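A look at the structure
What follows is each chain in one-letter form.
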Amino acid sequence: MPVCDFEDCESKSAIVSRLSPEGYLVSSGNKAYSFREAYERFNYCKKCHDLLMVEVWTRVRSSGTKNDDHVAPTAV
């Protein structure tokens, strides 16, 4: 079983996600014909995935600047 991709975590992975440890969707750069093929997959333990989701939704819901060039997870 793969290890969690979150920095400094050595736990076994329980969840496969398309969100990077920074909370962004990361394109694989290859020609792809579906969402499944288009984005890299990351492995997380439940604790790290829950933490990542809290951080992502806090950023998406904040009223701060939205001028960065990353796509919100809800846009895909």
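Residues numbered from 1 in each chain as written. Predicted model: local features only at pLDDT ≥ 70, side-chain atom pairs only at ≥ 80, totals over all residues. Heavy atoms only, no water.

**Some words on the pattern of salt bridges**
Pairing of side chains with opposite charge becomes possible as their charged atoms draw close. The following threshold applies: The salt bridge definition used is simple: a Lys or Arg side-chain nitrogen within 4 Å of an Asp or Glu carboxyl oxygen. Numbered from the N terminus, helices here are DSSP runs of H or I no shorter than four residues, and strands are runs of E no shorter than two. A 1.4 Å probe rolled over the protein chains alone gives each residue an accessible area, and that area as a share of the maximum for its type sets the label: buried under 20%, exposed over 50%, partly exposed in between.
Scanning the model with the defined rule gives one salt bridge in all. A salt bridge links Asp 50 to Lys 46; its shortest N-O distance comes to 2.9 Å. Within this pair, Asp 50 and its partner Lys 46 are both found in helix H2 (residues 46–61), separated by four residues, close to a single helical turn. When its relative accessible area of 35% is taken as the criterion, Asp 50 is described as partly exposed.

**Regarding the nonpolar core**
Worth spelling out the cut-off: The set of buried Ala, Val, Leu, Ile, Met, Phe, Trp, Tyr and Cys residues whose side-chain atoms join them within 4.5 Å is what this entry labels a nonpolar core.
One finds Cys 4, Phe 6, Cys 9, Leu 19, Leu 25, Phe 42, Tyr 44, Cys 45, Cys 48, Leu 52 and Val 56 forming the largest nonpolar core, which totals eleven residues. Elements with a minimum of two residues in this core: strand E2 (42–44) and H2. Here the element with the most residues in this core is H2; it accounts for three residues.

**Quick notes on the environment of Glu 40**
Going by this rule: Residue contacts follow a heavy-atom distance rule, with two residues in contact if any of their heavy atoms lie within 4.5 Å.
With respect to the element layout, Glu 40 can be found in the loop between helix H1 (35–38) and E2. What makes Glu 40 partly exposed here is its relative accessible area of 34%. Taking the C-alpha atoms as reference, Glu 40 lies 5.3 Å from Ser 28; in sequence the two are twelve residues apart. Other than its neighbours up to four places away in sequence, Glu 40 contacts Ser 17, Arg 18, Val 26, Ser 27 and Ser 28.

**Side note on unusual backbone geometry**
Positive phi, close to 65°, is recorded for Asp 8, a residue that is not glycine. Within the fold, Asp 8 resides in the segment before strand E1 (15–17). Accessibility expressed as a relative area gives 72% for Asp 8, which makes it exposed.

**What to know about the state of the cysteines**
Our working rule: Note on terminology: disulfide denotes any pair of cysteine sulfur atoms within 2.5 Å.
In total, this model carries zero disulfides according to the counting rule given. We note that Cys 4 lacks a disulfide partner, and the nearest cysteine sulfur, in Cys 48, lies 3.8 Å from it. Lacking any disulfide linkage, Cys 48 is separated from the closest cysteine sulfur, that of Cys 45, by 3.5 Å. Judged by relative accessible area, which is 8%, Cys 48 ranks as buried.

Don't take any of this as a statement about function, it's just geometry.
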